[in-house]
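What the coordinates show
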Amino acid sequence: MKKKVLVTGAHGYLASLARLYNADALEFSCVSHTDVDFSSPEAVEEYFRAADFDVCLHMAADASTVHCEELPELTHRVNTESAIAIAKVCRERGRRVVFISTEQCFNAAPGVAPYAEDDEQASVSAYGRQKMEADAWIRANVDDYLILRFSWMFGLSMPGVKASPNILGNVLKAVRASKPTAFRVNERRNMTYAQRFAEQLPQILELPSGAYHFASQNGLTTYETARLVASRLGCTEAEVDRLILPDRDTYADRPRDFRLASGKICAAGIELGTFEEDLDRCLADFGW
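To keep things clear, this report deals only with the structure shown in the data block. Treat the numbers as computed from the prediction; the structure is a model and nothing was measured.

**Remarks on the overall build of the protein chain**
When helices and strands are tallied, the protein chain shows 11 helices and 12 strands. Scaling as 2.2 N^0.38, a compact globule of 288 residues should have a C-alpha radius of gyration of about 19 Å, and the protein chain matches this with 19 Å. By principal-axis analysis of the C-alpha atoms, the protein chain measures approximately 60 × 40 × 35 Å. Among the 288 residues that make up the protein chain, the fraction classed as buried is 53%. Here the protein chain displays about 12700 Å² of accessible surface, and carbon together with sulfur accounts for 48% of that area. Mean positive and mean negative side-chain charge positions of the protein chain (32 and 41 charges, respectively) differ by 2 Å.

**Focus: the environment of Ala63**
The residue Ala63 is located in the loop between β3 (55-58) and α3 (65-70) in this model. Between the C-alpha atom of Ala63 and that of Ser178, which follows or precedes it by 115 residues, the distance is 29 Å.

**A few points about the nonpolar core**
Counting 33 residues, the largest nonpolar core has Leu57, Met59, Leu148, Phe150, Phe197 and Phe214 as the members making the most contacts within it. Elements represented by at least two residues in this core include exactly β1 (3-8), α1 (13-21), β2 (26-31), β3, β4 (96-102), β5 (145-150), α7 (194-205) and β10 (210-214). Ranked by residues supplied to this core, first place goes to α7 with 6 residues. Contacts of Phe197, omitting those with residues within four sequence positions, involve Leu14, Ala18, Leu57, Met59, Leu148, Phe150, Met153, Ile204 and Phe214.

**Details of the pairing of β10**
Among the 5 residues of β10, 5 are classified as buried, and the element is accordingly described as predominantly covered. Pairing of β5 with β10 involves 5 bridges; the strand directions are parallel. Note that in β10 the partner of Phe150 across the bridge is Phe214.

**Quick look at helix α8 (residues 222-232)**
Three or more residues of α8 are buried, namely Thr222, Tyr223, Thr225, Ala226, Leu228, Val229 and Ala230. Residue Gly234 follows α8 closely and has a positive phi angle near 105 degrees.

Cut-off values and rules
The residue count restarts for each chain, going from 1 along the sequence in the order it is written. Selection of residues for local features in this predicted model requires a pLDDT of at least 70, selection of side-chain atom pairs for listing and counting requires 80 or more, and totals for whole chains, interfaces and linings are taken over all residues. Excluded from the side-chain calculations are hydrogens and water; all other atoms, namely the structure's heavy atoms, are used. Numbering of helices and strands runs from the N terminus, with a helix taken as a DSSP run of H or I at least four residues long and a strand as a DSSP run of E at least two residues long. Radius of gyration: over C-alpha atoms. The globule rule applied is 2.2 Å multiplied by the number of residues raised to the 0.38 power. A simple rule labels every residue: compare its accessible area, found with a 1.4 Å probe on the protein chains alone, to the largest value its type can have, and call it buried under 20%, exposed over 50%, or partly exposed in between. Per-residue and other accessible areas follow the Shrake-Rupley method at a 1.4 Å probe size, with only the shown protein chains counted as cover for residues. In this tally, Asp and Glu contribute negative charge and Lys and Arg positive charge; neither His nor the terminal groups of the chain are included. One atom stands in for each charge, and that atom is NZ of Lys, CZ of Arg, CG of Asp or CD of Glu. In plain words, nonpolar cores are sets of buried Ala, Val, Leu, Ile, Met, Phe, Trp, Tyr and Cys residues tied together by side-chain atoms within 4.5 Å. Any pair of residues with heavy atoms lying within 4.5 Å of one another is described as a contacting pair. Paired strands, in this sense, are two strands between which DSSP finds at least two bridges.

As structure tokens, this is what we get:
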């Protein structure tokens, strides 16, 4: 019998991709903002009490940095309070909750990257802090849960799946338009091929309870990563120099390194690699 997976944010990039890759393996029920108002934790709780599911894959969020900074109360209800409401219902009904968290929980962390799951978190962004709060509540109050802290995920659009902004799309846009574009020198982060998540979702759902980092490893700055992508897309060195420019100002006062260590999830049998491996595989998958 197929596992019944209730997925929120069902029409977003990663949720759409997960549903496409697992239509035969899992029975999905889709929930979006047209079904329930995620800014109302009470309505969310009522909805999930009546829903039929084995696992809730909670991917809905307002990840807009601008929204989270300008509308902190509204986005707190969406990103934190409703996530906690879902986790409470899952706990009471004996259902597993899978909460999608983020690398942004570590964008001001005091330790040294790459960060392990139990390392101290800190974030300069409202979005990161909202995710941190829900993340911490679930770890403290729920027994049967998964927290997946994603790196920046990348890929290309395909029928029925619209890719979110990502490093490959940003560089491809610059190359196609022949438009010089700046990328951050003072930032290091993991970047992971989204298909790795979609393809392994059934195995991920069976992981032992706990928090896991889902991130292919990357030792390059975002600027260096963009140069690599442009090169892989066939640009000459001169074209790379012209199109991929260094943004040396952003975060110059405090360089950011919020890379995540992925040893725990890999030890549990989930396959991840390096950004270069992911990039080459993505380009091959899409015929580049």
